Amino acid sequence: VSTMNAKTSSGGEEEASGMRNETLGESGHLGEAKRGQVIRVAYVIAALDLTFLFMQMGVMPYLAKSLGLDSVGFGYLQTIFGVLQLMGGYIFGRFADQFGARAALMLSCASGSIFFLLMSLSTSVPFLFLSRLPAVFMHGIPGAQKVITDMTTPSQRAGALGKLGLCFGVGIIAGSAMGGVLSSKFGVYVPTYVGLAGSLINTLIAMVWIPSQTKPKSDHHMTEHSDLFSIREILRLMKFPGVMEVFIVKVFAGLPIGLFMIMFSIISMDFFGLEAVESGYLMSYFGVLQMVVQGLVVGKLSSHCTEMTLLRLSVFVFAGVGLGMALMRTVWHYCIIAVPLVFAFSMLATITDSILTKAVPSSDTGAMLGICASVQPLTRTVGPTIGGVLYKQFGVSSFGYLQLMVNLGLFVYLLKSEIPLGEMKSQ
């Protein structure tokens, strides 16, 4: 690593940065084989991180109940987790820009270790709430996205980011299964011990296998002395051509289905009449779909179609999913709808992340990914309230009609608007 960094500082800074971005991405100082190896390591870190996260999500309701926390208190616990992630997303991205992707990944994994350590020591409700605090820096996926963004050319980015969906599928399936087995056979605290050990191992993997700099050193000068959190910086990023328009589509296209998924545990019991085991099978089904779609479909389509075409396609499919959700009556209907749902969700997330990181300077890609990563925590924060009102007042079909109307409006907007895409990163 030190040899590669020396080469970067001696020769890489003299190259024209624009030409380097067009040909070799932000990691032109590393060989093709080395860059591929680093990207694979980022996938491994992301898969392990998601596995531990879903493992704790599965046991958290039982741990909270064993400590005497009721459903309302558990809702507060989840909301706090969402708020902390929302607050930390942008700060984490700025940290990645200033100190590098390796330092950011190590921060995320180390925060995960503290998170699981505090969970394992939680013998009271206040301590359980305290264990949520490290979540502010737990952003394994944005950290892996930062590595991939630095290591790929703009033309390769959508496909490489799309493969992170495989990690998500692995995390859902392995994490849910491990959490259930470990907690039922060995006790509710055992998954937290596994998560603690695994997060420490992830920290070491990032330290050893991710280079200290995943992009040329010359790209760091723009953010060396800027603050980690600045509203002015967020507004500056939003002023780049096409950024605000695409970000609005990213937020609102997936918002109705996000509200539905937040309420899904209740809907699966009340509307579909599923038992806990059957709900687990349904989540595993989603995980498999996610792996297939992002591993096999997104990358292929991104190499054959323009990003604007794929963005319009994902929004149009989302509208169709909304109509299907409005008409569905059984869990089997939902299993059919899940196929286009996962496709649209995966395509929207991958394409918008790719577009937005290419629309800003390379020194700001971490901040942009941090802003993108804040979308889901924002939904988790406001979702329980809005989703609860929709479900109680209008029923399950209201989520579908909302999805249909919002995405039809966005589709018309995308057809009529001239969003400037395809610009290379400016330096």
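Structure's up top.
Read on for a plain summary of the structure. (Residues numbered from 1 in each chain as written. Predicted model: local features only at pLDDT ≥ 70, side-chain atom pairs only at ≥ 80, totals over all residues. Heavy atoms only, no water.)

## Comments concerning a nonpolar patch on the surface
Defined as follows: Within this analysis, patches are made of residues with over 30% relative accessible area and no salt bridge. Like charges are joined at 9 Å or less; nonpolar side chains (Val, Leu, Ile, Met, Phe, Trp, Tyr) at 5 Å or less. For every accessible area listed, the method is Shrake-Rupley and the probe measures 1.4 Å; residues are considered covered only by the protein chains on display. Whenever Lys or Arg places a side-chain nitrogen within 4 Å of a carboxyl oxygen from Asp or Glu, that contact is recorded as a salt bridge. Burial status follows relative accessibility: with a 1.4 Å probe on protein chains alone, a residue under 20% of its type maximum counts as buried, one over 50% as exposed, and anything between as partly exposed.
Taken together, the side chains of L204, M207, V208 and W209 present a nonpolar region at the surface, about 400 Å² in accessible area. Look at W209 and you get partly exposed, because its relative accessible area is 43%.

## Examining helix 11 (residues 231–238)
Stated precisely, the cut-off is as follows: A run of DSSP states H or I qualifies as a helix once it reaches four residues; a run of E qualifies as a strand once it reaches two. Both are numbered from the N-terminal end. Working definition: the arc comes from the directions between the helix axis and the C-beta atoms, pointing outward to the latter.
Of the residues making up helix 11, those classed as buried are E233, I234, L237 and M238. Down the axis of helix 11, the buried set is contained in an arc of 140°. They therefore lie on one face. With respect to the buried face of helix 11, the exposed residues turned more than 90 degrees away are I231 and R232.

## A closer look at the packing of helix 3 (residues 32–66) against helix 5 (residues 101–120)
Quick note on the threshold: Here an axis means a line fitted to C-alpha atoms, over the contact stretch when the element is a helix, while the angle between two N-to-C directions is reported on a 0 to 180 degree scale. Working definition: roughly parallel below 35 degrees, roughly antiparallel above 145 degrees, roughly perpendicular at 65 to 115 degrees, and oblique for all remaining angles. Handedness of a crossing follows from how the near helix is turned relative to the far one, being left-handed for an anticlockwise turn of less than a right angle and right-handed for a clockwise one. Working rule for contacts: check all heavy atoms of both residues, and any pair within 4.5 Å makes them a contact. When residues are grouped by polarity, Ala, Val, Leu, Ile, Met, Phe, Trp, Tyr, Cys and Pro land in nonpolar, Asp, Glu, Lys and Arg in charged, and all others, Gly among them, in polar.
Two numbers describe how helix 3 lies on helix 5: the axes approach to 12 Å, and their chain directions differ by 25°. For the element pair helix 3 / helix 5, the angle class is roughly parallel. The element helix 3 and its partner helix 5 pack so that their crossing is left-handed. Contact residues: helix 3 offers I45, D49, F52, Q56, M60 and L63, while helix 5 offers L105, S108, C109, F115, F116 and M119. Among the residues making up the contact of helix 3 with helix 5, the classes are represented as nine nonpolar, two polar and one charged.

## Topic: the environment of A64
Positionally, A64 belongs in helix 3. Taking the relative accessible area as the measure of exposure, A64 reaches 1% and is therefore buried. Taking the C-alpha atoms as reference, A64 lies 7.0 Å from F74; in sequence the two are ten residues apart. Discounting chain neighbours no more than four positions away, the residues touching A64 are L69, F74 and L128.

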